[in-house]
Amino acid sequence: MNEYLLYKRIISPEFCCGDQKRLVEKKNSQKVRIESNSVQDYVLYRFDNEEQEFMPFFNKNHKDKGGLDGLRQFCDYILLMEKNNKLYVFLIELKSGNPKDAGKQLDAAEIFMDYIRRTAERIKLTNGFTSFDSSNIRTAKVLVCGTNGAKPKTKKSKDESVEKVEGRINLKLNCFPISRLCEVAAEID
């Protein structure tokens, strides 16, 4: 699939997570297992790593020192995967408490991924990705809410724990079921 491969080649591998099987929020010890049953390939990125500078062109100062509020907000993870000849882009924010800033963080990541899509369109022919087609890309914002300590869910409660709210998926599970979220993302799109 050209869309998935081209995105993987555009985004620097230095932002790939060392642990591709869990979403972790260190501040509140939130851990969510990635459920990848029937998924051939996916890649998980994290851009807020202290060891790597992400978006160095943005002012790092706080508002009181000449900076801007919200400028450097970004979601916790971006997961790319391919299913049924579609590229799924999941923008993921973990929140154990009040999710008030989650929308802003997810919106910022959506703008970033739009830049990646436009870059792919710009360079696709030069790099031999002639069948790249933006209509094969599905993007979904996912808010993972307070799952720490949650007991494993039954099949029925799993479905009840995946909600579509204002163009976003709210997930209240201790796992991130990729295949199920692809179905929900297709409904939102």
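Since we're looking at a predicted model, the values are computed, not measured.

### Notes on the overall build of the protein chain
Part 1 of the reasoning: What the protein chain contains, in helices and strands, is 4 helices and 9 strands.
Part 2 of the reasoning: Taken from the N to the C terminus, the helices and strands of the protein chain come in the order α-β-β-β-β-β-α-β-α-β-β-β-α.
Part 3 of the reasoning: Counting only residues that meet the buried cut, the protein chain has 44% of its 189 residues in that class.
Part 4 of the reasoning: For the protein chain, long-range pairs separated by at least 24 residues make up 67% of all intrachain contacts whose partners lie at least 6 apart in sequence.
Part 5 of the reasoning: On the protein chain, roughly 10700 Å² of surface is accessible, and the fraction owed to carbon and sulfur atoms is 46%.

### Some details on the pattern of salt bridges
Part 1 of the reasoning: Within the structure shown, the criterion is met by 13 salt bridges.
Part 2 of the reasoning: Its salt-bridge partner being Lys-124, residue Glu-121 comes within 2.8 Å of it at the nearest N-O pair.
Part 3 of the reasoning: Owing to a relative accessible area of 28%, Glu-121 belongs among the partly exposed residues under this scheme.
Part 4 of the reasoning: Since its relative accessible area comes to 16%, Lys-124 is described here as buried.
Part 5 of the reasoning: A salt bridge links Glu-187 to Lys-164; its shortest N-O distance comes to 2.6 Å. Of this pair, Glu-187 sits in helix α4 (residues 178-188) while Lys-164 sits in strand β7 (residues 162-165), and the two are 23 residues apart along the sequence.
Part 6 of the reasoning: Residue Glu-187 is classed as partly exposed on the basis of its relative accessible area, which comes to 49%.
Part 7 of the reasoning: Owing to a relative accessible area of 48%, Lys-164 belongs among the partly exposed residues under this scheme.
Part 8 of the reasoning: The structure contains a network of salt bridges with shared partners spanning Asp-107, Glu-110 and Lys-141.

### A few points about helix α1 (residues 2-10)
Part 1 of the reasoning: Along α1, the positions that sit buried rather than exposed are Glu-3, Tyr-4, Leu-6 and Tyr-7.
Part 2 of the reasoning: On its buried face, α1 sits against β3 (42-45), β4 (77-83), β5 (86-95), α2 (102-123) and β6 (137-145).

### Observations regarding the sheet that holds strand β2 (residues 30-35)
Part 1 of the reasoning: On the basis of which strands lie adjacent, the open sheet formed by 3 strands has the order β1-β2-β9 and mixed pairing. In the strand order of this sheet, the two ends are held by β1 (22-25) and β9 (175-177), each with one partner. On average, each strand axis in the sheet is inclined to that of its neighbour by 20 degrees, with strand direction left out of account.
Part 2 of the reasoning: Relative to β2, β1 runs antiparallel, the two sharing 4 bridges. Paired with Arg-22 across the strands is Arg-33, a residue of β2.

### Some points on the side chain of Lys-124
Part 1 of the reasoning: Within the secondary structure, Lys-124 is located in the loop between α2 and β6.
Part 2 of the reasoning: Ignoring sequence-local partners within four residues, the contact set of Lys-124 consists of Leu-6, Phe-129, Thr-130 and Phe-132.

### Observations regarding the packing of α1 against α2
The angle between the axes and the distance between the axes are what describe a pair of packed helices.
Part 1 of the reasoning: Where α1 contacts α2, the two axes come as close as 10 Å, and the packing angle between them is 105 degrees. By the angle between their directions, the pair α1 and α2 is classed as roughly perpendicular. Residues Leu-6, Tyr-7 and Ile-10 of α1 form the contact with α2, whose participating residues are Met-113, Ile-116, Arg-117, Thr-119, Ala-120 and Ile-123.
Part 2 of the reasoning: Here the residues of the contact of α1 with α2 sort into 7 nonpolar, 1 polar and 1 charged.

### Focus on the packing of aromatic side chains
Part 1 of the reasoning: For the coordinates displayed, the defined rule picks out 8 aromatic pairs.
Part 2 of the reasoning: When the ring of Phe-15 is compared with that of Phe-47, the centres are 5.1 Å apart and the planes differ by 35 degrees; the resulting orientation is tilted. On the criterion of sequence distance, the pair formed by Phe-15 in the loop between α1 and β1 and Phe-47 in the loop between β3 and β4 is long-range, its members being 32 residues apart.
Part 3 of the reasoning: Classification of Phe-15 as buried rests on a relative accessible area of 10%.

### Side note on the sheet that holds β3
Part 1 of the reasoning: Spatially, 6 strands are ordered β3-β4-β5-β6-β8-β7 in an open sheet, and the strand pairing comes out mixed. Both edges of this open sheet fall to β3 and β7, since each of them pairs with a single strand only. The average undirected angle you get between the axes of adjacent strands in this sheet is 25 degrees.
Part 2 of the reasoning: Pairing geometry for β4 and β5, over 7 bridges, is antiparallel. Bridge pairing in β5 links Lys-83 to Lys-86.
Part 3 of the reasoning: Taken strand by strand, α2 contacts β4, β5, β6 and β8 (168-171), and its axis lies near 155 degrees from that of β5.
Part 4 of the reasoning: Strands β3, β4, β5, β6, β7 and β8 of the sheet are contacted by α4, whose axis makes an angle of about 105 degrees with β5.

About the cut-offs
Residues numbered from 1 in each chain as written. Predicted model: local features only at pLDDT ≥ 70, side-chain atom pairs only at ≥ 80, totals over all residues. Heavy atoms only, no water. Helix = DSSP H or I, 4+ residues; strand = E, 2+ residues; numbered from the N terminus. Buried < 20%, exposed > 50% of the residue type's maximum accessible area, 1.4 Å probe, protein only. Contact = heavy atoms within 4.5 Å. Areas by Shrake-Rupley, 256 points an atom, 1.4 Å probe, with all protein chains shown as cover. Salt bridge = Lys/Arg side-chain N within 4 Å of Asp/Glu carboxyl O. Pairing = 2+ DSSP bridges. Axes fitted to C-alpha atoms, helices over the stretch in contact; angles between N-to-C directions. Parallel < 35°, antiparallel > 145°, perpendicular 65-115°, else oblique. Nonpolar A, V, L, I, M, F, W, Y, C, P; charged D, E, K, R; others polar. Phe/Tyr/Trp six-rings, centres within 6.5 Å; stacked < 30°, edge-to-face > 60°.

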